[in-house]
Amino acid sequence: MKVTHAGIFQLNRQRRTEHSLPLAGYTPGVHSTDDIFFKLAESRRVDWVVARTCDHAHGKLSLCDHGGRAARCPLHGWELDTATLTYRNVGVTKQTMPFHQEQDRLFYCVERSALQLPEPLRSETPVEVSVRFLAHACLVIEIAGMRIVTDPWLIGPCFSSGWWHTVPPKSDAMDLVRDADLIYISHNHSDHMHAETLSHLRRDIPIIVPDFPSNSVLRPLRRMGFTRVMPLKFNHIYAVHDMAVPPIHLSILQSGDFRDDSGLYVSAGRFSMLSTVDSNQLNNLMLPQGVDLLTTSFASGASGFPLCFDVLPQEERFQIVTRNRRARALQVLQYVETVAPRVYMPYAGYFTEAAPRDIFIREHNIKNTSESIIKMVLAAAPNVKTIDPFQTDSIRFAPDGQVTTDVVPGTPLYHATANDVHSYIATYKTHATAFDSRVIRDYFATATFRDNLIVYLVPTDDDFTPVAEHEGVRIDFRGASILAETHPSGALLEEFAAAEPDGYRLKLIKARMDVLWHVIANRLPLEELSIGFQCRIDRKP
């Protein structure tokens, strides 16, 4: 298997929308329209213009005080300081938009462009392609005898017992993945880079990953022993050489927010497909158009916010769950409208919270269903063919352009029974008998992360009651070097409750002791705690 650089996408400008806004009725200060914020100075000159789109999950920011000093996103509570154009929750700065002003009128424009292959890489050669849904975000793409597999999670839970399959893979799934010619892993969340599933693969299997500056996918895969991990640059096109006729081209696109996430474009002859995975506004919606197959996440509910945030009243948490679910559905529509695919399939959302200790999450983390998403897509784009993995798992794109679907016969690879769930959690608890707060302290002491933040990390039982016999850790990220100290959990809770931070932030994380130890001992991302619903969080402000 050889993957070589073949070029870079070209931009095909599709739409440029110009906007004009009369300023006569506005007083000096920060103001909003349907799509922008702008600041008008005392001199009647506009200082800056920014989009109202939040840089986290692309919700719509709204001014949240009468002086226009801050704007808040309803999805996850990100708050933009309009004096500095920096989000108060994290150290992310919002980029300004180009504009010009003529007397008392503001002019700005929004451009939309599409990606297309360079002319030398385009081909009208007929080709047969099959795409099979295995589970969650795991697809098998077969083109001219070559097998590409995406994000394999096939067995057991992910996010440290927080997530379990709702559509289990069939009995031949592991063999299909083992025999893959190429694996694509989109990002380091364990429902996409699943260590237990990957442990069944040969160490020299070729794997392509996004070229994140953080090496958040490359580094752990190499630590697992994989020897042929290839980081691909975003928006660059790579040819897969394995005697394929026509050539197969791949490109990894970056999530439109600040997170380490990505999507995959695949092209061969007349066929093309795009998987957006979990990305928010993939490549800022500059995407290939008219693809044969589009797959996107759809469910929502894949975050510890808001249900794990004790700082929020319970009713407000439930309202945010509903808003997030609707926002995810609208994002699906946005992708379908932008990409204009022939076929659409919702994927990367087939999970449930099966552990008895997570019953609160399971009852209140209401998700979109594939059926409801498909109904919505058909209402907006009736010419798009839709595929529901609950009903069919195999799609064939014939050389003559015909699309057919089928159900692959077979029994499930496994069922997540109550005994399975209990067994995994019991194993975590057994390993956690070695729990040592000093190890966690030392883990943070060597971190490179810096922020105006103090974190209180408190180990708890299954019900998030602090475990008295184990100390917690106080981590101060504010200085040139991190100050991490162990303290009795009760003292940390009292300090957090009494604190009134001025110019910095506090976060209290109460984490189940068995999962906290599992994450630290296995050097997993700390997001395992929140995305897996294994913690409860409070914060100031």
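*Asks:* Mind showing me how you'd approach the overall build of the protein here?
*Replies:* Broken down by element type, the protein carries 11 helices and 33 strands. Its C-alpha radius of gyration of 24 Å places the protein within 12% of the 24 Å reference for a compact globule of 541 residues. Once the C-alpha set of the protein is aligned to its principal axes, its extents read approximately 70 × 70 × 40 Å. Sequence separation of at least 24 residues holds for 63% of the intrachain contacts in the protein that already meet a minimum separation of 6. Approximately 23,300 Å² of the protein is accessible, and the part contributed by carbon and sulfur atoms is 50%. Each charge sign in the protein was given a centre, from 55 positive and 62 negative side chains, and these centres are 3 Å apart.

*Asks:* What is the right way to look at the sheet that holds strand S14 (residues 146-150) in this model?
*Replies:* Hydrogen bonds between backbone atoms are what pair the strands of a sheet, whose relative direction is either parallel or antiparallel. In space, the eight strands of this open sheet follow the order S18-S17-S16-S14-S13-S12-S27-S28, with mixed pairing throughout. This sheet does not close on itself; its edge strands, each paired only once, are strand S18 (229-232) and strand S28 (403-406). For this sheet the average axis-to-axis angle between neighbouring strands, irrespective of direction, equals 20°. Across four bridges, strand S17 (residues 207-210) lies against S18 in parallel orientation. Note that in S18 the partner of Ile208 across the bridge is Met230.

*Asks:* Where do I start with the pattern of salt bridges in this structure?
*Replies:* A pair can form between side chains of opposite charge whenever their charged atoms are brought close. Counted according to the given criterion, the structure contains 28 salt bridges. Close ionic contact of Arg396 with Glu128 constitutes a salt bridge, the shortest N to O distance being 3.0 Å. With Arg396 in strand S27 (residues 394-397) and Glu128 in the loop between strand S11 (105-116) and strand S12 (129-135), the pair connects residues that are 268 residues apart, well separated along the chain. On the basis of relative accessible area, Arg396 is assigned to the partly exposed category, the value being 34%. Across the pair Arg178 and Asp175 runs a salt bridge whose closest N-O atoms are separated by 3.0 Å.

*Asks:* I would appreciate a short explanation of helix H8 (residues 437-445) in the present structure.
*Replies:* Since the α-helix turns once every 3.6 residues, residues separated by three or four places project in the same direction. Of the residues making up H8, those classed as buried are Ser437, Ile440 and Phe444. Relative to the axis of H8, the buried residues are bounded by an arc of 60° and lie together on one face. In this fold, the buried residues of H8 make contact with strand S29 (453-460), strand S30 (472-476), strand S31 (483-487) and helix H10 (513-521). Among the residues of H8, the N-terminal cap falls to Asp436, whose side-chain oxygen and the backbone nitrogen of Arg438 are separated by 2.9 Å.

*Asks:* Whenever I open this one, the state of the cysteines confuses me. Can you help?
*Replies:* Taken as a whole and assessed by the stated rule, the structure comprises zero disulfides. Looking at the unpaired Cys64, the closest cysteine sulfur is the one in Cys73, lying at 11 Å. We note that Cys308 lacks a disulfide partner, and the nearest cysteine sulfur, in Cys535, lies 5.3 Å from it.

*Asks:* Is there a simple way to explain unusual backbone geometry in this structure?
*Replies:* Here the amide bond leading from Phe305 into Pro306 is cis, since omega sits at 10°, within 30 degrees of zero. The topology assignment puts Pro306 in the loop between strand S23 (293-296) and helix H4 (314-339). For the peptide bond that leads from Lys540 to Pro541, omega is -10°, which places it in the cis range. Mapped onto the elements, Pro541 comes out in the segment after strand S33 (535-540). A positive phi angle is found at Ser161, which is not glycine, with a value near 80°. Position of Ser161 relative to the elements: it lies in the loop between S14 and strand S15 (164-165). By relative accessible area, Ser161 is classed as buried at 0%. At Ser300, a residue that is not glycine, the phi angle is positive and equals roughly 70°. By relative accessible area, Ser300 is classed as buried at 13%.

*Asks:* Honestly, the side chain of Thr486 in this entry has me stumped. Any pointers?
*Replies:* Relative to the helices and strands, Thr486 is located in strand S31. Within the local environment of Thr486, its side chain forms a polar contact with the side chain of Glu471, the two groups lying 3.3 Å apart. The contact partners of Thr486, leaving out residues within four places of it in the chain, are Ser437, Arg438, Arg441, Glu471, Gly472 and Val473.

*Asks:* It is not clear to me how the packing of H4 against helix H6 (residues 370-380) should be interpreted in this structure. Could you clarify?
*Replies:* Each pair of packed helices gets described by two things: the angle between the helix axes and the distance between those axes. Viewed as axis vectors pointing N to C, H4 and H6 meet at an angle of 40°, and their least axial separation amounts to 10 Å. With respect to their mutual orientation, H4 and H6 come out oblique. Crossing of H4 over H6 shows right-handed handedness. Mapping the contact onto sequence places Ala329, Val332, Leu333 and Val336 in H4 and Ile373, Met376, Val377 and Ala380 in H6. Taken together, the residues that form the contact of H4 with H6 break down as eight nonpolar, no polar and no charged.

*Asks:* Where do I start with the packing of aromatic side chains in this structure?
*Replies:* The geometry of an aromatic ring pair comes down to the distance between the two centres and the angle between the two planes. Within the structure shown, the criterion is met by 18 aromatic pairs. Here the aromatic rings of Trp163 and Phe351 are separated by 3.6 Å at their centres, their planes lie at 5°, and the arrangement is stacked. Placement of the pair is Trp163 in the loop between S14 and S15 and Phe351 in strand S25 (residues 351-352), with a sequence separation of 188 residues. By way of ring pairs, the aromatic residues Phe133, Phe298, Tyr350 and Phe390 are connected into one cluster. Above the ring of Phe226, the side-chain terminus of Arg203 is found at 3.9 Å from the ring centroid. Over the face of the ring belonging to Tyr504 we find Arg478, whose NZ or CZ atom lies 4.6 Å from the ring centre.

The rules behind each value
- Residues numbered from 1 in each chain as written.
- Predicted model: local features only at pLDDT ≥ 70, side-chain atom pairs only at ≥ 80, totals over all residues.
- Heavy atoms only, no water.
- Helix = DSSP H or I, 4+ residues; strand = E, 2+ residues; numbered from the N terminus.
- Rg over C-alpha atoms; globule rule 2.2 N^0.38 Å.
- Contact = heavy atoms within 4.5 Å.
- Areas by Shrake-Rupley, 256 points an atom, 1.4 Å probe, with all protein chains shown as cover.
- Lys, Arg positive; Asp, Glu negative; His and termini not counted.
- Charge placed at Lys NZ, Arg CZ, Asp CG, Glu CD.
- Pairing = 2+ DSSP bridges.
- Axes fitted to C-alpha atoms, helices over the stretch in contact; angles between N-to-C directions.
- Salt bridge = Lys/Arg side-chain N within 4 Å of Asp/Glu carboxyl O.
- Buried < 20%, exposed > 50% of the residue type's maximum accessible area, 1.4 Å probe, protein only.
- Arc of directions from axis to C-beta.
- Polar contact = N/O pair within 3.5 Å; in protein donor to acceptor, adjacent residues only side chain to side chain.
- Disulfide = S-S within 2.5 Å.
- Parallel < 35°, antiparallel > 145°, perpendicular 65-115°, else oblique.
- Left-handed = near helix turned anticlockwise from the far one by under 90°.
- Nonpolar A, V, L, I, M, F, W, Y, C, P; charged D, E, K, R; others polar.
- Phe/Tyr/Trp six-rings, centres within 6.5 Å; stacked < 30°, edge-to-face > 60°.
- Lys NZ or Arg CZ within 6 Å of the ring centre and 35° of its normal.

Take it as geometry only, folks, not as evidence of what the structure does.
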